[in-house]
Amino acid sequence: MQPSDLSAVDLVNAVRQGDLTAVRCTEAYLDRIAALDGSINAFLSVDREGSLRTAASIDERRKAGKPIGPLAGLPVAVKDALCTTDQPTTCASKMLAGFRPPYDAEVVARLRAADAVIVGKTNMDEFAMGGSNENSAFGPVHNPWDLARTPGGSSGGSAAAVAADMAPVAIGSDTGGSIRQPAGLCGITGLKPTYGRVSRRGLVAFASSLDQIGPMARSAADCALILSSIAGHDPGDATSLDAPVPSYTADLERPLEGVRIGRVAAHFGAGVDPEVAHAVEEAFAAFRAAGAIIKEIDLPHADAGVATYYLVAPCEASSNLARYDGAHYGHRAEPGKTSGGFESALVEMYCRSRAEGFGPEVKRRIMLGTYALSAGYYDAYYAKALRVRRLIRQDYLDAFAEVDLIGGPVSATAAFKLGEKTGDPLSMYLVDLYTVGTNLAGVGGISFPCGFTKSGLPIGFQLQGPALAEQLLLRAADRYQHLTDWHLRRPAIAAQRC
Ligand code: GLN
């Protein structure tokens, strides 16, 4: 049996019992990355030496009878938006090329404390802005199910790494869908926890009122294992919730009898691919068979989600990204001959550094956000968006008075072709239709495979839950995965023995 055939849960048990060494497991995954990533481009850096050293020290400790952590020997791929002291952190931007953070993100520190092995940093849309991974300054990621298609984004590298068995689990971040949408398009499971459940300290900020870190894995049970190690209060993140962390793994077996799942008719309107609609309806039927009660509900302001998100997120991004000016942070343009038209050499340096460092989508968001926040437009755009955000949040609160979870599609279509939407930013933004509401409301959501198109592309199902309902989200997804085997299917590329 290859380590890549084991779930994360079985893998840590095998290491704990001495049936598998952390070194052998890490090496097996590193070999897969070396063999497969040339055609997928999921990794921006791989730390072969460092991760084998970490693995060896775990094996030594175990052999010496010393305690090892709950994730001992588990290889983890981390989105390049999280700071790591021993590997570069670029956010897939030229602006941060070669940046070595002076500290680890809290999530990275917790993974290390649990004895996970951080094998590499994954590709993403630049500064997490995008839904296809095509906004990376270091080339797009290819979907393991069809290399001509996108893996989704912005955590596309993390999703593709797990889908192609180059890592058993990965860490992503989700501001408007960036864990759930790529998980859906790559046929894996991804959880966006409640805002504040997982510390954001050391996550390069995109839109601070929406950003949240979460696990991506082959199953809900594996996500539960990771969440147990990374969730919990962090005094270093003022928005982190000081709420007890339940056992996400212990509760999984409990049946779904009587759990009420909301179905929103508008999720099946025009624009939804019939194959997606069919698979999602089948998933509702499976939940009903598992004892859940399906109830029709309404989210009356869901239509305004994308418009609201594309004001709130760029406004916060324009402010967060102001620090990258070549002086305080980020790429600095070479001093050249002053080309004129600037107030001073300093202003020219700022302008040229930002012009060279940021890619087109990041510039578009900064301009949108700066415009919407400017005097005279603030009330019409930003303040109004905040008011609509409140209405959207209220919709969720009202819905969760009637149901325990809300089900539906993650995306209206399966993975689209690379290049298909790059010329039309609006059509790319519409991809986020079903995912942005979760972030605007600050609640949690999980996405997992519920079928395949005739051409063999995965289709994702999304469950959203009230604040701090991660236990229920994971349990519902896990119960579904006991009834179905969609999550066990692997793309042909993953079957390659390395
Ligand atoms: N696709 C969305 C965007 O482009 C979501 C990104 C994210 O969640 N980081 O902003």
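Residues numbered from 1 in each chain as written. Predicted model: local features only at pLDDT ≥ 70, side-chain atom pairs only at ≥ 80, totals over all residues. Heavy atoms only, no water.

Trainee: Any details on the packing of aromatic side chains? Residues and values, ideally.
Mentor: Given two aromatic rings, one states the distance between the centres and the angle between the planes to describe the pair. Tallied over the full model, the rule gives 19 aromatic pairs. Aromatic pair Phe-287 and Tyr-480: ring centres 5.3 Å apart, planes at 25 degrees, arrangement stacked. Of this pair, Phe-287 sits in helix H8 (residues 274-289) while Tyr-480 sits in helix H15 (residues 470-483), and the two are 193 residues apart along the sequence. Judged by centre distance (4.8 Å) and plane angle (80 degrees), the rings of Tyr-309 and Tyr-310 are edge-to-face. Tyr-310 carries the same exposure label as Tyr-309, and that label is buried. (Phe/Tyr/Trp six-rings, centres within 6.5 Å; stacked < 30°, edge-to-face > 60°. Helix = DSSP H or I, 4+ residues; strand = E, 2+ residues; numbered from the N terminus. Buried < 20%, exposed > 50% of the residue type's maximum accessible area, 1.4 Å probe, protein only.)

Trainee: Explain the environment of Pro-101 to me, and be specific about the residues and the numbers.
Mentor: Counting through the fold element by element, Pro-101 comes out in the loop between strand E2 (75-79) and helix H4 (106-113). Along the sequence, Pro-101 and Ile-188 sit 87 residues apart, while their C-alpha atoms lie 30 Å from each other. In contact with Pro-101, not counting residues within four places along its chain, are Cys-83, Thr-84, Thr-85, Gln-87 and Thr-89. (Contact = heavy atoms within 4.5 Å.)

Trainee: I'd like a rundown of the pattern of salt bridges, residues and numbers included.
Mentor: Taken as a whole and judged by the stated rule, the model has 26 salt bridges. Two residues, Glu-106 and Arg-201, come together in a salt bridge whose shortest N-O distance is 3.1 Å. Of this pair, Glu-106 sits in helix H4 while Arg-201 sits in the loop between strand E5 (189-192) and strand E6 (212-217); the two residues are 95 residues apart in sequence, bridging distant segments of the chain. Accessibility expressed as a relative area gives 14% for Glu-106, which makes it buried. A salt bridge links Arg-200 to Asp-237; its shortest N-O distance comes to 3.9 Å. In this pair, Arg-200 is assigned in the loop between E5 and E6 and Asp-237 in the loop between helix H7 (220-230) and strand E7 (260-264), connecting sequence segments 37 residues apart. Counted as one network, the salt bridges with shared partners bring together Glu-106, Arg-110, Arg-201 and Asp-234. (Salt bridge = Lys/Arg side-chain N within 4 Å of Asp/Glu carboxyl O.)

Trainee: How would you sum up the site of the ligand? Please name residues and give values.
Mentor: Taken together, 15 residues lie around the ligand, and Thr-175, Gly-176, Ser-178, Tyr-309 and Arg-365 are the ones closest in. Here an oxygen atom of the ligand and a side-chain polar atom of Tyr-310 are 3.2 Å apart. When isolated, the ligand has an accessible area of 290 Å², and the protein chains bury 99% of it. Its residues assigned to classes, the shell around the ligand shows five nonpolar, seven polar and three charged. (Near = heavy atom within 4 Å. Polar contact = N/O pair within 3.5 Å; in protein donor to acceptor, adjacent residues only side chain to side chain. Areas by Shrake-Rupley, 256 points an atom, 1.4 Å probe, with all protein chains shown as cover. Nonpolar A, V, L, I, M, F, W, Y, C, P; charged D, E, K, R; others polar.)

Trainee: Residue-level account of a nonpolar patch on the surface, with values.
Mentor: Together, Tyr-371, Tyr-377 and Tyr-381 give the surface a local cluster of nonpolar side chains, amounting to about 290 Å² of exposed area. In this fold, Tyr-381 is placed in helix H12 (residues 379-402). Residue class for Tyr-381 comes out partly exposed when judged on its relative accessible area of 33%. (Patch = residues over 30% accessible without salt bridge, like charges linked within 9 Å, V, L, I, M, F, W, Y side chains within 5 Å.)

Trainee: Describe the pairing of strand E10 (residues 444-452), naming the residues involved and giving the relevant values.
Mentor: Among the nine residues of E10, nine are classified as buried, and the element is accordingly described as predominantly covered. Note that E5 and E10 share three bridges and pair antiparallel. Note on E10: the bridge partner recorded for Lys-192 is Gly-445. Sheet topology note: the E10/strand E11 (residues 458-465) ladder contains eight bridges and is antiparallel. Counted as the bridge partner of Pro-449 is Gly-460 from E11. (Pairing = 2+ DSSP bridges.)

Trainee: Explain the packing of H7 against H15 residue by residue, including any values.
Mentor: Axis separation between H7 and H15 bottoms out at 8 Å; the angle between their running directions is 155 degrees. When the interaxial angle is binned, H7 and H15 end up roughly antiparallel. Here Ala-220, Ala-221, Cys-223, Ala-224 and Leu-227 of H7 lie close against H15, whose contacting residues are Glu-470, Leu-474, Ala-477, Asp-478 and Gln-481. Classifying every residue of the contact of H7 with H15 by side-chain character gives seven nonpolar, one polar and two charged. (Axes fitted to C-alpha atoms, helices over the stretch in contact; angles between N-to-C directions. Parallel < 35°, antiparallel > 145°, perpendicular 65-115°, else oblique.)

Trainee: Explain the side chain of Ser-173 to me, and be specific about the residues and the numbers.
Mentor: As for its placement among the helices and strands, Ser-173 is situated in strand E4 (residues 169-174). By relative accessible area, Ser-173 is classed as buried at 3%. With residues near it in sequence (within four places) discarded, Ser-173 still touches Lys-79, Ser-154, Ser-155, Ser-178, Ile-179, Leu-203, Gln-212 and Ile-213.

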